[in-house]
Each structure stands twice: as structure tokens, then as C-alpha cells.
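One letter stands for each residue in the lines below.
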Amino acid sequence: MSNRYVIFPLVAGIVAVGGIALGRRAVVHMGKQPDGTFVVSSGQRIEAGTIAFDGRPVDLALHPNGSVVAVLGQNKIFLVNKSGVIANTDVPLGAGASSQGLIWNTTGTRLYASVSNGTIVEATYENDKLEKARTFTPKPADAKGNPRPAGLALTRDGKTLYAACIDRNAIAELSLESGQFVKEYKSENLPFDVKLSTHESMLLASNWGGRIAPEEDETLEAAGAVIVVRPYGGTATGSVSR
């Protein structure tokens, strides 16, 4: 009987020590880890070799020659390559970045970014330098409010830019030769992105808010658009329009 009492505390002690050891091993601190990865405050693990920079990226655009990547940051655009952030390539946007929208022209000499104040910023790229150029407004001259541009599409000849304007339920067409708004094409609710077909004969818009609501649908007003919703309030549809 006494041997059992001796063995039990011994086993309990081993389990307790093992539990403490496992507990210590389970503690992971933020920052760089021994395997080269990084752990951030949310508990997410970032792979080794990742390029670090201040702020959160909103969108990325690979240069046509594959040498650099443009980053749409919270209030600026800048360039990175496989070695890291390229010094002296910051271009301030003048306001916060939009929800997305960053595109190079086919020659890689100009870059376009959507901005939350309702404009699109153009930057020129030459000799490893990115410099701010023109600013465009993707809406009719007499239109009120912020069009809230997001995704962008560009013709191969670099002469025409299209912008998905969330708060206008439309795709805006801009002439890059004149720098002026040309016209807009109505989409469905809250267009988020726009693409050109291969032959550039068709525009495709991805609509956050889905189809236009008929009278019998249950709806909710959101961002100035009437959205079809499910009984519990969630968006019922998404859509692609052309």
C-alpha cells in the first residue's frame, strides 16, 4: 500500500512538470521567430522572406517587366522589389487610399491609383523614380458627391482609363490624352471592380451590392444604393454586369 502512495506522487509530479514544460513551449512572442517567420498582434503568422513596411497595403500592381511591385498604401503609393522597399519612391495621395484600385499602363511608364476623396492619382515612372503627375475626377462636371472610385482598367494603348465608381453605380471613362471625364456606363449596385474583355470590346463590372431590386424584393439602403437582402439583413446577391 505504501508503494502505491510513493508512486502516485511521483507520477503526479512528472505530469505537472511535463505540463509546465508544454505550457512554456506553447508561449509564442510577437515579432521574428527562430524559423524566420513573424507573428503579429492578431496571432497571424507571416512567412519568412516577406517584405516589411509601415502601414497596411490596400492593393498591389506588378510592373509589366516584373522587376518591381507598386503598393497602394494607406495614404501613398510606393515601390518594392525582392530586396525590400525602394527608397525615395513614395508618392503621397493627398488623402487615404480607396478600397482598391492600382494599375500600370502596358509600357510601365505610368501608374494610376484610386483615392478615397473621389479622385484618381497618376504617377510617372522613369529611372527607378516614381513621381506624382496629374489628378483626375471620374464623374460628370455637374455631378455632386464622391464617386468613390475603386477598381481600374486601362486600354492597351494607354489612352483610356475606366474606373468602377461605387457610389455612382457606374463605370467612368476617362481620356488620358485630355485628362477629362468622357462618359459613364451604368452598372448594378456598388461596382467594386472593372475589367476589359480580351478584345477591349466589353466592360465587365463586379458589383458588391448585386442586382437592381424589383419591388417585390426585401431591400435595405446602403451607401446610397437599394440592396436586395435576406430576411436576416445580409446581402442576398452579388453580380457581374456588362
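On a predicted model such as this, the values are computed, not experimentally measured, just so you know.

J.: I'd like a description of the overall build of the protein chain, backed by residues and values.
T.: Looking only at helices and strands, one finds 1 helix and 21 strands in the protein chain. Here the protein chain, with 242 residues, has 38% of them falling under the buried criterion. In the protein chain, of all internal contacts separated by at least 6 residues, the share reaching a separation of at least 24 is 39%. Summing over all exposed atoms, the protein chain offers an accessible surface of approximately 14500 Å²; the carbon and sulfur share of this is 53%.

J.: An account of the pairing of strand β13 (residues 149–154) is needed here, citing residue identities and associated values.
T.: Here β13 lies mainly inside the structure; 6 of its 6 residues are buried. In terms of strand pairing, β13 meets strand β14 (residues 160–165) through 4 bridges, oriented antiparallel. Across the sheet, the residue bridging to L152 is A163, located in β14. The loop that links β13 with its antiparallel partner β14 comprises 5 residues; one of these, G158, has a positive phi angle of about 75 degrees.

J.: Tell me about the sheet that holds strand β3 (residues 45–46), and name the residues and values.
T.: The 3 strands are arranged β1-β2-β3 in an open sheet whose pairing can be described as antiparallel. The sheet is open, and its two edges are formed by β1 (31–32) and β3, each paired on a single side. As judged from the 2 bridges shared by β1 and strand β2 (residues 38–39), these two strands associate in the antiparallel manner. Across the sheet, K32 pairs through a bridge with F38, a residue of β2.

J.: Pulling in residues and values, what's your account of the pattern of salt bridges?
T.: In the structure shown here, the tally under the stated rule is 7 salt bridges. Across the pair E122 and R134 runs a salt bridge, and its minimum N-O distance is 2.8 Å. In this pair, E122 sits in strand β11 (residues 120–126) while R134 sits in strand β12 (residues 129–136), placing the two residues 12 residues apart along the sequence. Among the residues examined, E122 registers a relative accessible area of 0% and is labelled buried. Its relative accessible area of 30% is what places R134 among the partly exposed residues. Ionic pairing is found between E184 and R168, a salt bridge with its closest N-O pair at 2.8 Å. Taken together, the positions of E184 in strand β16 (residues 180–186) and R168 in the loop between β14 and β15 (170–175) put the pair 16 residues apart, joining distant regions of the chain. Within the structure, one salt-bridge network assembled from shared partners comprises R110, E122 and R134.

J.: Would you mind going over the sheet that holds strand β9 (residues 97–104) in detail, with residue names and values included?
T.: Strand order across the open sheet formed by 4 strands is β9-β10-β11-β12, with antiparallel pairing between neighbours. One side of each edge strand has no neighbouring strand; the edge strands of this open sheet are β9 and β12. Strand-to-strand, the axes of this sheet are offset by a mean angle of 25 degrees, without reference to chain direction. Bridging between β9 and strand β10 (residues 110–115) involves 4 bridges; their strand directions are antiparallel. Across the sheet, the residue bridging to L102 is A113, located in β10.

J.: Tell me about the pairing of β9, and please be specific about residues and values.
T.: Among the 8 residues that make up β9, 7 are buried, leaving the element largely enclosed by the rest of the structure. Here β9 folds back onto β10, and the loop between the two strands holds 5 residues, one of which, G108, carries a positive phi near 75 degrees.

J.: A description of the nonpolar core should follow, citing residues and the corresponding values.
T.: Inside soluble globular proteins, nonpolar side chains tend to come together where they are buried. By size, the foremost hydrophobic cluster in this structure holds 19 residues, and its most contacted members are I77, L93, L102, W104 and L130. Elements with a minimum of two residues in this core: β5 (69–72), β6 (76–81), β9, β10 and β11. With 12 residues, the next largest nonpolar core counts I103, I120, L161 and L174 among its residues.

J.: Can you tell me about the confidence of the model for the protein chain, naming the residues and giving the values?
T.: Confidence in the prediction for the protein chain averages 85 pLDDT; 77% of positions are at 70 or higher. In this model, residues 4–8 is a region of pLDDT below 50 whose contacts with residues beyond four sequence positions or in other chains number 1 contact. The low-confidence segment residues 10–15 (pLDDT under 50) makes 0 contacts with residues lying over four places distant or belonging to another chain.

Conventions we followed
- One numbering rule holds for all chains: residues counted from 1, following each sequence as written.
- Restriction of local features to residues with pLDDT of at least 70 applies here, the model being predicted, together with a cutoff of 80 or more for giving and counting side-chain atom pairs; totals for whole chains, interfaces and linings are based on all residues.
- Side-chain metrics rest on all non-hydrogen atoms present in the structure, leaving aside hydrogens and water.
- Strands are runs of DSSP state E lasting at least two residues, helices are runs of H or I lasting at least four, and both sets are numbered from the N terminus onward.
- When a residue's accessible area, from a 1.4 Å probe over protein chains only, is under 20% of the maximum for its type it is buried; when over 50% it is exposed; and in between it is partly exposed.
- We call two residues contacting when some pair of their heavy atoms lies within 4.5 Å.
- All accessible areas in this document rest on Shrake-Rupley with a 1.4 Å probe, and a residue is counted as covered only by the protein chains that are shown.
- Two strands make a pair as long as DSSP finds a minimum of two bridges between them.
- Each salt bridge in this description consists of a side-chain nitrogen of Lys or Arg and a carboxyl oxygen of Asp or Glu lying within 4 Å of one another.
- Structural elements are reduced to axes, namely lines fitted to C-alpha atoms, with helices fitted over the stretch in contact, and the angle between N-to-C directions of any two is expressed from 0 to 180 degrees.
- Definition used in this section: a nonpolar core is a set of buried Ala, Val, Leu, Ile, Met, Phe, Trp, Tyr and Cys residues joined via side-chain atoms within 4.5 Å.
- One confidence number per residue, pLDDT, is output by the predictor and ranges from 0 to 100.

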